[in-house]
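# Residue-level structural notes
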Amino acid sequence: QRMTLHVYEPHYLRMISRVLQSAEPTFGMLGHPRAQHGTVVRIVETQRIQGGRLLLKIEGVQRFKVLRTYEVDGYSTATVVIAADREPTEEEAQDASVLAGEVSAASAVWLELVQNGWERSAGQIDRLLVDIGPMPDSTAPEELGFWVAALINPLPVLGVAPEIRTAALEETDSVAR
């Protein structure tokens, strides 16, 4: 997913300054401070605004598992390992293809329901669909699972299924996700 962050706290401004000096401007984000899984995000655009604050456009690029946390200059840092799904068996890949069709149909119904009364602001889902892109097809079950998680529990939130993002990050089986 792509999103915009407003960075204004001094310790996070220091962190982002360090990130922007690196060859690959990425950092990790967790859903909550004690989360064991998170997302590596890449900074794709930076805009300085009044008072030294920053607006960052970021996009998620991969997930990680936290091994150990520590603090640097007032912000949390961690030792992590990149997480990935195990390769599905041929039978699981076939199951994933069937599920993908079901997910596609269910997602269409869900989108219609949300757009007809659950959006927190007009056009929220249209903006989300721009941020998460088109639905991946059945040959990409890992990507499809994350796409559906972002759809069901978007940022900014709809206020439903907050556990979906955490569960999606923790799961290593594409079909189960």
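So, here's what we can say about the structure. The structure displayed is predicted, hence computed values, not measured ones.

### Quick word on the overall build of the protein
For the protein, the count of helices and strands is five helices and five strands. By the burial criterion, 28% of the 177 residues in the protein qualify as buried. Looking at the protein alone, contacts between residues at least 24 apart form 50% of all its contacts between residues at least 6 apart. About 10,800 Å² of surface is accessible on the protein, with carbon and sulfur atoms providing 53% of the total. Across the protein, the centroid of the 16 positively charged side chains sits 13 Å from that of the 24 negatively charged ones.

### What to know about the nonpolar core
Ranked by internal contacts, the top residues of the largest apolar core, which has 13 residues, are Trp110, Ile125, Ile132 and Leu151. Sorting the residues of this core by element identifies helix H2 (90-118), helix H3 (124-132) and helix H4 (141-152) as the ones contributing at least two each. Tallying contributions element by element places H4 first for this core, with five residues. Setting aside chain neighbours within four positions, we find leucine 151 in contact with Ser107, Trp110, Leu111, Leu128, Leu129 and Ile132.

### Describing a nonpolar patch on the surface
A grouping of Val109, Leu113 and Trp118 is seen on the molecular surface, where their side chains present a nonpolar patch of about 320 Å² in accessible area. The exposure class of valine 109 is exposed, given its relative accessible area of 52%.

### A closer look at the layout of surface pockets
Its volume calculated, the second largest pocket comes out at about 270 Å³. Sorting the residues of the lining of the second largest pocket by element identifies H2, H4 and helix H5 (163-170) as the ones contributing at least two each. The greatest single-element share of the lining of the second largest pocket, amounting to six residues, is contributed by H4. Class assignment of the residues belonging to the lining of the second largest pocket gives a composition of 14 nonpolar, two polar and two charged.

### Regarding the pattern of salt bridges
Throughout the structure, instances matching the rule amount to nine salt bridges. The salt bridge involving glutamate 92 is made with arginine 86; its shortest N-O contact spans 2.7 Å.

### Re H2
Listed in full, the buried residues belonging to H2 are Glu92, Ala96, Ala100, Ser107, Trp110, Leu111 and Val114. Taken together, the buried residues of H2 touch H3 and H4.

### Digging into the pairing of strand E4 (residues 53-72)
With six bridges joining them, strand E1 (residues 2-7) and E4 adopt antiparallel strand pairing. Counted as the bridge partner of arginine 2 is glutamate 59 from E4. Here strand E3 (residues 37-49) pairs with E4 via 12 bridges, running antiparallel. Among the inter-strand pairings, glutamate 45 is bridged to a residue of E4, identified as lysine 57. The antiparallel hairpin formed by E3 and E4 contains three residues in its connecting segment, where glycine 51 sits at a positive phi of about 80 degrees.

### What to know about the packing of aromatic side chains
Applying the stated criterion to the full structure yields zero aromatic pairs. Over the ring of phenylalanine 146 we find arginine 177, and its NZ or CZ is 4.2 Å from the ring centre.

### Details of the environment of arginine 48
Checked against the element boundaries, arginine 48 lands in strand E3. Placed 104 residues apart in sequence, arginine 48 and isoleucine 152 show a C-alpha to C-alpha distance of 32 Å. Beyond its immediate sequence surroundings of up to four residues, arginine 48 is in contact with Arg53 and Leu54.

Calculation rules
- Residues numbered from 1 in each chain as written.
- Predicted model: local features only at pLDDT ≥ 70, side-chain atom pairs only at ≥ 80, totals over all residues.
- Heavy atoms only, no water.
- Helix = DSSP H or I, 4+ residues; strand = E, 2+ residues; numbered from the N terminus.
- Buried < 20%, exposed > 50% of the residue type's maximum accessible area, 1.4 Å probe, protein only.
- Contact = heavy atoms within 4.5 Å.
- Areas by Shrake-Rupley, 256 points an atom, 1.4 Å probe, with all protein chains shown as cover.
- Lys, Arg positive; Asp, Glu negative; His and termini not counted.
- Charge placed at Lys NZ, Arg CZ, Asp CG, Glu CD.
- Core = buried A, V, L, I, M, F, W, Y, C linked by side-chain atoms within 4.5 Å.
- Patch = residues over 30% accessible without salt bridge, like charges linked within 9 Å, V, L, I, M, F, W, Y side chains within 5 Å.
- Salt bridge = Lys/Arg side-chain N within 4 Å of Asp/Glu carboxyl O.
- 1 Å grid on protein atoms, 1.4 Å probe; cavity = no way out; pocket = protein on both sides within 12 Å on 5 of 7 lines; lining within 4 Å.
- Points joined across faces, edges and corners; volume = space filled by probe spheres on them.
- Nonpolar A, V, L, I, M, F, W, Y, C, P; charged D, E, K, R; others polar.
- Pairing = 2+ DSSP bridges.
- Phe/Tyr/Trp six-rings, centres within 6.5 Å; stacked < 30°, edge-to-face > 60°.
- Lys NZ or Arg CZ within 6 Å of the ring centre and 35° of its normal.

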